[in-house]
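Here's the letter readout for the chains.
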Amino acid sequence: MLGLGNTISADYKPVFLDDYSLQFNGSDEYIQLSGTVGEIAQETGSVSVWVKGEAVSGSTTIFACSADSSNFIRIWWWNGQTKIAFTVKAGGTSLTATVSDTDFETDDLWHHIGVTWDFGDADEIKLYYDGTLKDTQSGLATWSGTIDAATIAVNSWSAASYHKGKINDFALFDAVVDVSSFYTTPGGIEGKTSDLRTEFDISASLITYYKFEEGVGAIAGDDSPYLNRGTLTNTPTWSTDTP
């Protein structure tokens, strides 16, 4: 893992298209990232993920990792506020960055979410949405414990807040990445995502990279150097709908 306050620029390959994503039912389907937990840097990190939402009655989780319910990192849909949210809770105190999107559940579009966190000198979290920095919050509390759980499409510390909709191209880093580089055209047109996507090169900071290109089976292959395969739980559905 990299030390406090590290910021890097990731390496990228040319724009690409792919064939599969995963559909989650919002009630019991998720991905367990068992092998990844030992690589996650609580001190600094970044996530890039593509998401398509569906109508739900409550808030849902896109990605989470945690030491316990008082110390966690979470990307989620805040249903009551119609916002995409990114929360880092440390020592029981939450810091949350948000962006409003009243159409997320109904627009039938793929959206890119990028987040970074830095407990070092920057002392901040950032939330990017569809290629643009939307919110920065500073003043992280003191983290307690070691991350021992990580999940996609459900809370990592409890069986709750299941995502309903699709997820694709999930990348997790143990450093603060220049998230604007996730796009060939930063601030690109919302929903017109196929011409904006880039593929990550293998680098030491890329600790999990699920392209979801298997199309069958119960394993998400990892294209990072760490080979941290994900376990599909309760049979999420492979879909040919991609960004």
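Scroll up to find the structure this text is about.
Scanning the chain from N- to C-terminus turns up zero helices and 20 strands. Every one of the 243 residues in the chain was classed for burial, and the buried ones make up 55%. For the chain, long-range pairs separated by at least 24 residues make up 68% of all intrachain contacts whose partners lie at least 6 apart in sequence.

What follows deals with the sheet that holds strand β9 (residues 93-100). Reading across the sheet, the eight strands line up as β9-β8-β7-β6-β13-β4-β19-β18 and stay open at both edges, with antiparallel pairing between neighbours. Only two strands of the sheet have a single neighbouring strand rather than two, namely β9 and β18 (219-220). Summarising the sheet, strand β7 (residues 71-78) and strand β8 (residues 83-90) pair through seven bridges and their orientation is antiparallel. Among the inter-strand pairings, I75 is bridged to a residue of β8, identified as F86.

Moving on to the packing of aromatic side chains. Evaluation of the coordinates by the stated rule reveals nine aromatic pairs. Taking the centre distance of 5.2 Å and the plane angle of 45° together, the rings of F63 and F170 count as tilted. One end of the pair, F63, is in strand β6 (residues 60-68); the other, F170, is in strand β14 (residues 164-173), and 107 residues separate them in sequence. Pair check on accessibility: F63 and F170 agree, each one buried. With 6.3 Å between their ring centres and 45° between their planes, F86 and W117 make a pair best called tilted. Pair noted here: F86 is in strand β8 and W117 is in strand β10 (residues 111-118), with a separation of 31 residues, a long-range link. With respect to class, F86 is no different from W117; both count as buried.

Summed over the entire model, instances satisfying the criterion amount to five salt bridges. Between K52 and D108 there is a salt bridge whose closest N-O contact spans 3.3 Å. Of this pair, K52 sits in strand β5 (residues 44-53) while D108 sits in the loop between β9 and β10, and the two are 56 residues apart along the sequence. Since its relative accessible area comes to 5%, K52 is described here as buried. Judged by relative accessible area, which is 56%, D108 ranks as exposed. Salt-bridge contacts for D223 lead to K211; the nearest nitrogen and oxygen are separated by 3.4 Å. Of this pair, D223 sits in the loop between β18 and β19 (230-233) while K211 sits in the loop between β17 (206-210) and β18, and the two are 12 residues apart along the sequence. A residue is classified by how much of its surface remains accessible, and D223, at 34% relative accessible area, is partly exposed.

The element β7 is largely enclosed, with a buried count of seven among its eight residues. Pairing geometry for β6 and β7, over seven bridges, is antiparallel. In the sheet register, T60 faces β7, and the bridge partner there is W77. Here β6 hands over to β7 after two residues, the two strands then running antiparallel side by side.

With that out of the way, let us pick up the side chain of D135. As for its position among the elements, D135 is in strand β12 (residues 132-138). Although D135 is buried, it forms no salt bridge, and the closest oppositely charged side chain is K83 at an N-O distance of 7.7 Å. A polar contact of 3.1 Å, which involves the side chain of D135, links it to the side chain of Q137. Those residues in contact with D135, other than ones at most four positions away along the chain, are T96, A97, T98, I125, K126 and L127.

What counts and what doesn't
Residues numbered from 1 in each chain as written. Predicted model: local features only at pLDDT ≥ 70, side-chain atom pairs only at ≥ 80, totals over all residues. Heavy atoms only, no water. Helix = DSSP H or I, 4+ residues; strand = E, 2+ residues; numbered from the N terminus. Buried < 20%, exposed > 50% of the residue type's maximum accessible area, 1.4 Å probe, protein only. Contact = heavy atoms within 4.5 Å. Pairing = 2+ DSSP bridges. Phe/Tyr/Trp six-rings, centres within 6.5 Å; stacked < 30°, edge-to-face > 60°. Salt bridge = Lys/Arg side-chain N within 4 Å of Asp/Glu carboxyl O. Lys, Arg positive; Asp, Glu negative; His and termini not counted. Polar contact = N/O pair within 3.5 Å; in protein donor to acceptor, adjacent residues only side chain to side chain.

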